[in-house]
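Examination of the molecular architecture
The primary structure of each chain is shown beneath.
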Amino acid sequence: MKKNSREKKFKKIKKKHIWPSIVGLILVTIVVAVLSVASMALISEYMLFASVEREYASAESLVELWSAVDNSNPKKVDELVKGKVEAYVVRDDKKNIEYSFGDNTCEMDHELMVYTTDKGEILLYKDNKTLGFDSDGTFELQKSIDDFVGFQEGKISIEKNIMNPNAIFRVTPFWISISSGKREFLVKSYVGLSYPAILLLALLAGILCFLTIVIYVALVAGIVRRVIDKNKMVGLFLTDEVTRGYNWMGFVINSGQILKRKKNRRANYAIIDVNFINYRYFCMCHSVAQGEEILQKMSGIMRSMAAKRELVGHFASSNFAILLRYEDLEELTKRLKNLTAKLESVDTEHKFSFHIGIKQINDPKFENDSRKQLIDIEKEYNDASTATTTLDGSDESGIALFDNKLVEEQKWIEIVNANQQKALENEEYKVFYQPKYEPKSGELRGAEALIRWISPEFGFVSPGRIIPIFEKNGFITEIDHYMIRHVAKDQKRWLDMGLPIVPVSVNVSRAHFMEPDLAEQIRDIVDAEGAPHEFIELELTESAFFDDKNAILNTIKKLKSFGFAVSMDDFGSGYSSLNSLKDLPLDVLKLDAEFFRGDVDNDRREIIVSETIKLAKNLSMRTVAEGIEVKEQVEFLAQMGCDMIQGYYFAKPMPVEEYEEKMNL
Ligand code: C2E
Ligand code: MG
Ligand code: MG
């Protein structure tokens, strides 16, 4: 998965589920609040209107009573209305009080109109606006009076603070004014909520509260569940199935956060790649499950070694990533050596090996923006792994430090990979010949074909810079064929020219030697060029003899039966060369150049070299001493009976034209 998409996915998971629930909760809160306030206001308003209606009806019946008792006996009316009407006033057309009952001291200066609709509703209005009862005690229902045309008109006076919101049950009185003939009846009335109305309101409020609580509990429970689910998912996303510690994603995210923290910015950090090199073999010999068990134990060891603000993650099957703080490189290496020692003995029955790569994270370059993660953990780890690859080939545990030369090397490997085929097709690889001389007479006895890449783009490239790359990427097989073909072609040409040709040896790589039909391949190439077999020798490096001995023995036997000579290259540079000599019928032994490095006079070396030459002679093998640069060595080797010398003392590897001249001498 690409880095960015991985991080995006993680961020998405982190955000997931929470916001919709929170938004839902807010929306429900708003809706419930609006509904509650609106419904309570509507219901209270309706009840208050009903109350006005009741009061108006009772005032009307008072007026009817007055007419019924013929206006002459008001006291009788008082008796009848006692307990129902608290006070009333009768005024004549000049507003003089004719009769009054109860307390009539209130002011009557606020005129309000009362309309009765044909449906029997009563609407109050003032200044041409219909009025409703608002919660703050003012009247402001915003309907126009025009909506109510055709209503019966009546008139009442209401005290200023009629709707004092604090007065719930019986609010401050107001006066209903009803005209009857020339008289005006003013009846003291009250607007308020009855007990059943209050009970109903309370019940409604209770139901609303209950519903709100139920919805809230459900929503909050949903959010809590989602948070738990999300945390679980985040955990799964960052946890490694095998080790139960952080996986690669967990490592990248958490180490990024550690490095971002202000207090960590000044500390030295390094990213470590730990490669358990025996993992695949272990799984092959045992089982993957047992291998994973070992990985789990290793993860435990690494995690127990990691201090605060350090981190361990499992990168892939046999690789772990560690983020470590360090004071200096010495201390860091010591820590890693201790770790290696513990890891090596994680299983009592096996001794494992580990390749460890270190990438120091220097100069984190945190600019002002602390939120930005400028350290690219993936790149840093990749560098640490590049350092690890420098240990490839060794079966022992080791620690390697990344340095920028590795980047250059990596770039070069990519260049070689990209250009190798084109260079082959364009014949950019040239055969250089290094002559081999008889030490006493100084006569030319043979030559070794050595590759050079003369690139129009990269110039002269020595084999040391390409052969190891070809050996790794498998292109070496093509190269070996190419070299054999060119050498055979040259030999044939020289023969045709009448030149006194000598055997030329060609290097065959270790990887190539394992192919069962290698001898046939070589024979066919040489035959195709029409060159004689006896002038071609195949050089095998000593290390190749550690591979499948039977396969090598077969190939050597076949090559010899085809008439080719076979030599052991770099004899003495490895460990068990002598043992190989016992089994393999080789023609030539090439003494490694290392024998001749260092002090000229070295008795021990002379003993070894002379005894080796004797040994080779007894085994009917010719000897070639490689890398001979000084006269004393030539003299010594001549004395010891060494057959040939290949070294700068006589000649360096040279282009074909130059070699032709040497042959002519
Ligand atoms: P090698 O086969 O052991 O070749 C001998 C190396 O020693 C050559 O290095 C040669 O130039 C160098 N040498 C010879 N005499 C002296 C001397 O007196 N002093 C010093 N310092 N060096 C001397 P070169 O040509 O750089 O090749 C290096 C290695 O690359 C070869 O070691 C061989 O293993 C490999 N190689 C070269 N060409 C080919 C090839 O065509 N095919 C394969 N498979 N490997 C090749
Ligand atoms: Mg060689
Ligand atoms: Mg050699």
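Refer to the preceding data block for the structure.
Residues numbered from 1 in each chain as written. Chains lettered and ligands numbered in written order. Predicted model: local features only at pLDDT ≥ 70, side-chain atom pairs only at ≥ 80, totals over all residues. Heavy atoms only, no water.

Quick look at the coordination of the magnesium ion (ligand 3) now. Of the protein atoms, only Asp569 (OD), Asp570 (OD), Glu626 (OE) and Glu626 (OE) coordinate the magnesium ion (ligand 3), at distances of 2.1 to 2.4 Å. Counting the intervening residues between successive donors of the magnesium ion (ligand 3) yields the motif D-D-x55-E. (Donors = N, O, S within 2.8 Å, 3.2 Å for Na, K, Ca; no water.)

With that out of the way, let us pick up helix α9 (residues 377-389). If you check α9, its first and last C-alpha atoms are 18 Å apart, about what 13 residues at 1.5 Å a residue would give, namely 18 Å. Of all the residues in α9, the buried ones are Ile377, Glu380, Tyr381, Asp383, Ala384, Ser385, Thr386, Ala387 and Thr388. Its side-chain oxygen 3.2 Å from the backbone nitrogen of Glu378, Asp376 forms the N-cap of α9. (Helix = DSSP H or I, 4+ residues; strand = E, 2+ residues; numbered from the N terminus. Expected span 1.5 Å × (residues − 1). Buried < 20%, exposed > 50% of the residue type's maximum accessible area, 1.4 Å probe, protein only. Polar contact = N/O pair within 3.5 Å; in protein donor to acceptor, adjacent residues only side chain to side chain.)

For Ser462, the position within the fold is in the loop between β17 (459-461) and α11 (467-473). For the pair Ser462 and Arg452, spaced 10 residues apart in the sequence, the C-alpha separation amounts to 5.4 Å.

With that out of the way, let us pick up the coordination of the magnesium ion (ligand 2). Of the protein atoms, only Glu448 (OE), Asn507 (OD1), Glu539 (OE) and Asp569 (OD) coordinate the magnesium ion (ligand 2), at distances of 2.0 to 2.2 Å. Spacing between the donor residues of the magnesium ion (ligand 2) along the chain follows E-x58-N-x31-E-x29-D. Judged by its relative accessible area of 2%, Glu448 falls in the buried class.

Moving on to the packing of aromatic side chains. Considering all chains together, one arrives at 27 aromatic pairs under this definition. Ring centres of Trp66 and Tyr88 lie 6.3 Å apart, and the angle between their planes is 90°; on these two criteria the pair is classed as edge-to-face. Of this pair, Trp66 sits in helix α2 (residues 18-68) while Tyr88 sits in strand β1 (residues 88-91), and the two are 22 residues apart along the sequence. Each member of the pair, Trp66 together with Tyr88, is buried. Measuring from centroid to centroid gives 4.8 Å for Phe276 and Phe352, while their planes differ by 70°, and the two rings are edge-to-face. With a gap of 76 residues between them, Phe276 in strand β10 (residues 268-276) and Phe352 in the loop between α8 (329-344) and β13 (354-361) connect regions that are remote in the sequence. Here Phe276 and Phe352 have matching classes, each one buried. An aromatic cluster of at least three residues, connected via ring pairs, comprises Trp412, Tyr429, Trp453, Phe458, Phe470, Phe475 and Tyr482. Over the ring of Trp412 we find Arg465; its NZ or CZ atom is 4.0 Å from the centre of that ring. Over the face of the ring belonging to Phe562 we find Arg523, whose NZ or CZ atom lies 4.7 Å from the ring centre. (Phe/Tyr/Trp six-rings, centres within 6.5 Å; stacked < 30°, edge-to-face > 60°. Lys NZ or Arg CZ within 6 Å of the ring centre and 35° of its normal.)

Close to ligand 1 lie 24 residues, the nearest being Glu448, Asn507, Asp569, Glu629 and Tyr648. Contacts to ligand 1 include Ile451, whose backbone N or O atom sits 3.1 Å from a nitrogen atom. Surface burial for ligand 1 is 80%, taken as the share of its 790 Å² of free accessible area covered by protein chains. When residues of the shell around ligand 1 are traced back to their parent elements, those giving at least two are β16 (444-455), α12 (476-497) and β20 (565-571). (Near = heavy atom within 4 Å. Areas by Shrake-Rupley, 256 points an atom, 1.4 Å probe, with all protein chains shown as cover.)

Taking 1.5 Å as the rise per residue, helix α15 (residues 549-561) with 13 residues should run 18 Å; its terminal C-alpha atoms sit 18 Å apart, in good agreement. Considered for burial, the residues of α15 that qualify are Ile552, Leu553, Thr555, Ile556 and Leu559. Buried residues of α15 fall within an arc of 165° about the axis and therefore sit on the same side. For α15, exposure combined with an orientation more than 90 degrees from the buried face picks out Asn550 and Ser561. Just downstream of α15, Gly563 is the residue with a positive phi angle, here 100°. (Arc of directions from axis to C-beta.)

Most of β16 is tucked away: 10 of the 12 residues are buried. By the bridge criterion, 9 bridges tie strand β15 (residues 429-437) to β16 in an arrangement that is antiparallel. Pairing of Tyr437 across the sheet is with Leu444, part of β16. Both β16 and strand β18 (residues 504-508) contribute to a ladder of 3 bridges, which runs parallel. Residue pairing in the sheet places Ala447 in a bridge with Val504 of β18. By the bridge criterion, 3 bridges tie β16 to β17 in an arrangement that is antiparallel. Across the sheet, Ser455 pairs through a bridge with Gly459, a residue of β17. (Pairing = 2+ DSSP bridges.)

All right, on to the nonpolar core then. Soluble globular proteins: nonpolar side chains tend toward being buried together. Core analysis: the largest hydrophobic core is formed by 73 residues, its most contacted members being Tyr429, Tyr433, Ile479, Leu637 and Tyr659. If one sorts the elements of this core by residue count, α12 sits on top with 8 residues. Residues in contact with Leu637, not counting those within four places in the same chain, are Phe596, Val609, Ile613, Ala625, Ile628, Cys642 and Ile645. One finds Met298, Ile322, Leu343 and Ile358 within the second-largest nonpolar core, a separate group that totals 28 residues. (Core = buried A, V, L, I, M, F, W, Y, C linked by side-chain atoms within 4.5 Å. Contact = heavy atoms within 4.5 Å.)

Structurally, Ser255 can be placed in helix α5 (residues 248-260). Take Ser255: its relative accessible area is 0%, and that puts it in the buried class. At a separation of 2.4 Å, a polar atom in the side chain of Ser255 contacts the main-chain carbonyl oxygen of Phe251. Once you skip the residues sitting within four places of it in the chain, Ser255 turns out to touch Gly250, Leu311, Leu323 and Ile377.

Right, let's talk about the environment of Asp392 for a bit. Residue position: Asp392 is located in the loop between α9 and β14 (398-401). Residue Asp392 is classed as partly exposed on the basis of its relative accessible area, which comes to 42%. Distance from Asp392 to His355, taken between C-alpha atoms, is 8.1 Å for residues 37 residues apart in sequence. Beyond its immediate chain neighbours, meaning those up to four positions away, Asp392 contacts His355 and Lys472.

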